[in-house]
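Commentary on secondary and tertiary structure
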Amino acid sequence: MNTQDESRTNREERDSVETLRRLKKGISQDLPTTFQPYFNQQVHSWDFLFPYERQYLLEVLTYLDQLSPDQRLQLFAPIRRLEKAMDVRRWDFSVREQTLEDASLLARSPYYFKWRGEVKKAFDQIDRGVEEDKKKHAKRLPNRLILMIYPACLPFDPATMWKRWPGTGKAMHFDADISGNERKFVEDLFGARGHAGTQASGTLLESIAQRANGSFADVWALDAGTALSKFMLGAGGHPDPVPGVTVLSFERLKSFRENFLKQVNTMSHNLSSADQIYNQIRKEDVSQFCPPEIKDRPIIREVVRSLFMNGNGASVWGNPFVQWGASEVFRRARPSVLIGYFGTRNKPKPFTSVAVFMNQNKVNPLPAVKDLPGSAIDASMLSYYLWLSSTRYSEYQNALTVCLAESIKTAYIVGPTSNPLQGQTQPLSLARISSALSEWLSAPV
């Protein structure tokens, strides 16, 4: 970024922060008590929000600011009535941030489900208003791609592999070396780079690099192991990382995970202790536990911290890490390209518990044993959940989703019938898949 661009970015950042403060001040008195933790936490976390999150927060506050005081009163009146019935003013309720103890207080109230329903109604109205404003300035979105890869070691049954997926999808056979050489499969799919780190013209890797150059939040690679991450980061014979791609690897985050699990297992079995430990984790400088690709990127460090604190199983097993990580990335960053590489997990050891996030390798000295059938079941189900999470957002209504299962040499494709893979002669070569996906990403906006 040159000096002029940097100056303009800094000026836009200052303007956004000033707008944020003005809007928040204008509506703060009209927000119900139980709404305030969300908005205050978002404002407080501004420096760690993605461009999409910042824009959405400003749009929501702008919409609320444009309502008259009477309209805001009417919007939030049902929630205020329920807060009065719950006697929230007598609770030790934090309005600065969302806490486990506050969530527990709400959940134990007999009015909880009514409160949730009214909160949903309020946000539905807010989101409709935001969407109507956005439609006035709508721009055509670039083609989006969700690519999921299942390595050859995962044993799948071709008769049931895609059973839960929508019938509108299409299974296609491809031809590839399934000797178990994960690096070769990745290189053949994305297109190997030259000695100077350049990407061959027309490959998937070239199109991804061009797309990633637009925004640090636009292309993500989530890896249960290291095969995909090493390729993207330039390891193993590739001299340079793919610029702009945000890479998260379960295995490369081992030190981060072990430190997190160590702290979690010090908490007592009550919510006050959980809030105390989680507050410590939130404040800790975790850069010393991060791999080089995220060590100096505060916003990505916060994504990982939040993922381990909130993701079910993401700190214990690689496949949930990919699925929960992707769900969070969809929600927070709205990337145009997301690549998920699933992997294997070990069998739970006797007399240990993954339910309380035990580090099984340290608790039990028995050697780890791979659970390939269990890993295949995980990957099959969690990849479907990953796709489902993308469908919640309008940006992905016309996304192209491609799943590549090496062990059965089958691709499953969900998305617009106009995609370049439709009508291709089977079996597809990896080079042809790479070229087709590159064509999809390179289509003009």
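Above this text you will find the structure in question.
Let me begin by describing the structure that accompanies this report. Quick caveat: nothing in here was measured; it's all calculated off a predicted structure. (Residues numbered from 1 in each chain as written. Predicted model: local features only at pLDDT ≥ 70, side-chain atom pairs only at ≥ 80, totals over all residues. Heavy atoms only, no water.)

1. Focus: the overall build of the protein chain
As a reminder of what qualifies: Per the convention used, a helix needs a DSSP run of H or I reaching at least four residues, while a strand needs a run of E reaching at least two, with both numbered from the N terminus. What makes two residues a contact is simply this: any of their non-hydrogen atoms within 4.5 Å. Where accessible areas are quoted, they stem from the Shrake-Rupley method and a 1.4 Å probe; at the residue level, only the protein chains shown are allowed to cover.
Along its length, the protein chain carries 17 helices and eight strands. Long-range contacts, defined as pairs at least 24 residues apart, comprise 74% of the intrachain contacts of the protein chain with a sequence gap of at least 6. Accessible area for the protein chain stands at about 22300 Å²; split by element, carbon and sulfur atoms hold 51% of it.

2. Describing the sheet that holds strand β4 (residues 246-249)
Just so we agree on the cut-off: By the convention used here, strands pair only if DSSP detects at least 2 bridges between them.
One open sheet holds the eight strands; their spatial order is β4-β3-β5-β1-β6-β7-β2-β8, and the pairing between them is mixed. One side of each edge strand has no neighbouring strand; the edge strands of this open sheet are β4 and β8 (428-429). Pairing between strand β1 (residues 145-150) and strand β6 (residues 400-405): six bridges, direction parallel. From the neighbouring strand, Met-148 faces β6, where its bridge partner is Cys-403.

3. Observations concerning the packing of helix α7 (residues 182-190) against helix α17 (residues 430-442)
What counts is decided by this rule: Inter-axis angles, ranging from 0 to 180 degrees, are taken between N-to-C directions of lines fitted to C-alpha atoms, where helices are fitted over the stretch in contact. Orientation is classified from the angle alone, with under 35 degrees giving roughly parallel, over 145 giving roughly antiparallel, 65 to 115 giving roughly perpendicular, and any other angle giving oblique.
At a minimum axis distance of 7 Å, the contact between α7 and α17 shows a crossing angle of 45 degrees. Regarding the angle of α7 to α17, the classification is oblique. Residue-level inspection shows Phe-185, Asp-188, Leu-189 and Phe-190 of α7 in contact with α17, the latter providing Leu-430, Ala-431, Ile-433 and Ser-434.

4. Thoughts on the environment of Gln-288
We count it as follows: Remark: exposure states derive from per-residue accessible area (1.4 Å probe, protein chains only) relative to the maximum for the residue type, with buried under 20%, exposed over 50%, and partly exposed in between.
If you trace the backbone, Gln-288 turns up in the loop between α11 (271-283) and α12 (292-295). By relative accessible area, which is 59% here, Gln-288 ends up exposed. For the pair Gln-288 and Ser-255, spaced 33 residues apart in the sequence, the C-alpha separation amounts to 8.8 Å.

5. A word on helix α4 (residues 69-86)
Heads up, the rule is: Multiplying 1.5 Å by the helix residue count minus one yields the expected span of that helix. Throughout, the bend at a residue refers to the angle made by two axes, fitted to the seven residues ending there and to the seven starting there.
Between its first and last C-alpha, α4 extends 24 Å over 18 residues, near the 26 Å set by a 1.5 Å rise per residue. Along α4, the sharpest change in direction is near 50 degrees and occurs at Phe-76; proline Pro-78 comes one to four residues later. The complete set of buried residues in α4 reads Arg-72, Leu-75, Phe-76, Ala-77, Ile-79, Leu-82, Glu-83 and Met-86. Remark: Asp-87 follows α4 within two positions and exhibits a positive phi of approximately 60 degrees.

6. Examining the pattern of salt bridges
Put simply, the rule reads: Every case where a carboxyl oxygen of Asp or Glu lies within 4 Å of a side-chain nitrogen of Lys or Arg is listed as a salt bridge.
Throughout the structure, instances matching the rule amount to 15 salt bridges. Among the salt bridges present, the one from Arg-90 reaches Asp-87, with a minimum N-O distance of 3.0 Å. The salt bridge involving Glu-395 is made with Arg-334; its shortest N-O contact spans 3.1 Å. In this pair, Glu-395 sits in the loop between α16 (372-390) and β6 while Arg-334 sits in the loop between α14 (318-333) and β5 (337-341), placing the two residues 61 residues apart along the sequence. Accessibility assignment for this pair places Glu-395 and Arg-334 in one class, buried.

7. Side note on α16
The condition that has to hold: Any pair of N or O atoms that falls within 3.5 Å is considered a polar contact. Within protein, one atom must be able to donate a hydrogen and the other to accept it, and sequence-neighbouring residues count only if both atoms are side-chain atoms.
With 19 residues, α16 extends 27 Å between its outermost C-alpha atoms, agreeing within 8% with the 27 Å of an ideal straight helix rising 1.5 Å per residue. Sitting at the head of α16, Asp-371 places a side-chain oxygen 2.9 Å from the backbone nitrogen of Gly-374.

8. A few points about the packing of helix α10 (residues 254-264) against helix α13 (residues 298-310)
Using the following cut-off: Helix crossings are classified by the rotation of the near helix relative to the far one: an anticlockwise turn of less than a right angle makes the crossing left-handed, while a clockwise turn makes it right-handed. Gly counts as polar in this scheme, as do all residues outside two lists: the nonpolar Ala, Val, Leu, Ile, Met, Phe, Trp, Tyr, Cys and Pro, and the charged Asp, Glu, Lys and Arg.
One can describe the packing of α10 onto α13 by two numbers: an axis separation of 11 Å at closest approach and a directional angle of 45 degrees. Overall, the two elements α10 and α13 adopt an arrangement that is oblique. α13 is crossed by α10, and the crossing has right-handed handedness. Taking contact as the criterion, the partners of Phe-256, Arg-257 and Phe-260 in α10 are, on α13, Arg-301, Val-304, Arg-305, Phe-308 and Met-309. Its residues assigned to classes, the contact of α10 with α13 comprises five nonpolar, no polar and three charged.

9. A closer look at the nonpolar core
Stated precisely, the cut-off is as follows: Grouping buried Ala, Val, Leu, Ile, Met, Phe, Trp, Tyr and Cys residues that are joined through side-chain atoms within 4.5 Å yields what is termed a nonpolar core.
Counting 55 residues, the largest nonpolar core has Tyr-150, Trp-165 and Trp-220 as its most contacted members. Residue assignment for this core shows that the elements contributing at least two residues are β1, β3 (219-223), α10, α13, α14, α16, β6 and β7 (410-414). Here this core gets seven residues from one element, more than from any other, and that element is α13. Apart from residues no more than four positions distant in its own chain, Trp-220 is found in contact with Phe-50, Thr-246, Leu-248, Ile-300, Val-303, Val-329, Ala-333, Pro-335, Val-337, Leu-338 and Ile-339. Ranked by size, the runner-up nonpolar core spans 40 residues in total, among them Val-242, Val-337, Ala-436 and Leu-437.

10. A look at the packing of aromatic side chains
Stated formally: Paired rings are identified among Phe, Tyr and Trp, the last through its six-membered ring, by centres lying within 6.5 Å, and are further divided according to the angle between planes into stacked (under 30 degrees), edge-to-face (over 60) and tilted (the rest). Look at NZ for Lys and CZ for Arg. If either is within 6 Å of the ring centre and within 35 degrees of the ring normal, a charge sits over the ring.
Under the defined criterion, the tally for this structure stands at 29 aromatic pairs. The lysine or arginine in question, Arg-144, covers the ring of Tyr-396, its NZ or CZ lying 5.2 Å from the ring centre. Its end group placed over the ring of Trp-317, Arg-345 keeps NZ or CZ at 4.8 Å from the ring centre.

11. Description of the side chain of Glu-293
By secondary structure assignment, the location of Glu-293 is in helix α12. Beyond its immediate chain neighbours, meaning those up to four positions away, Glu-293 contacts Leu-233, Val-247 and Arg-252.

No statement about biological role is implied by the geometric values presented.
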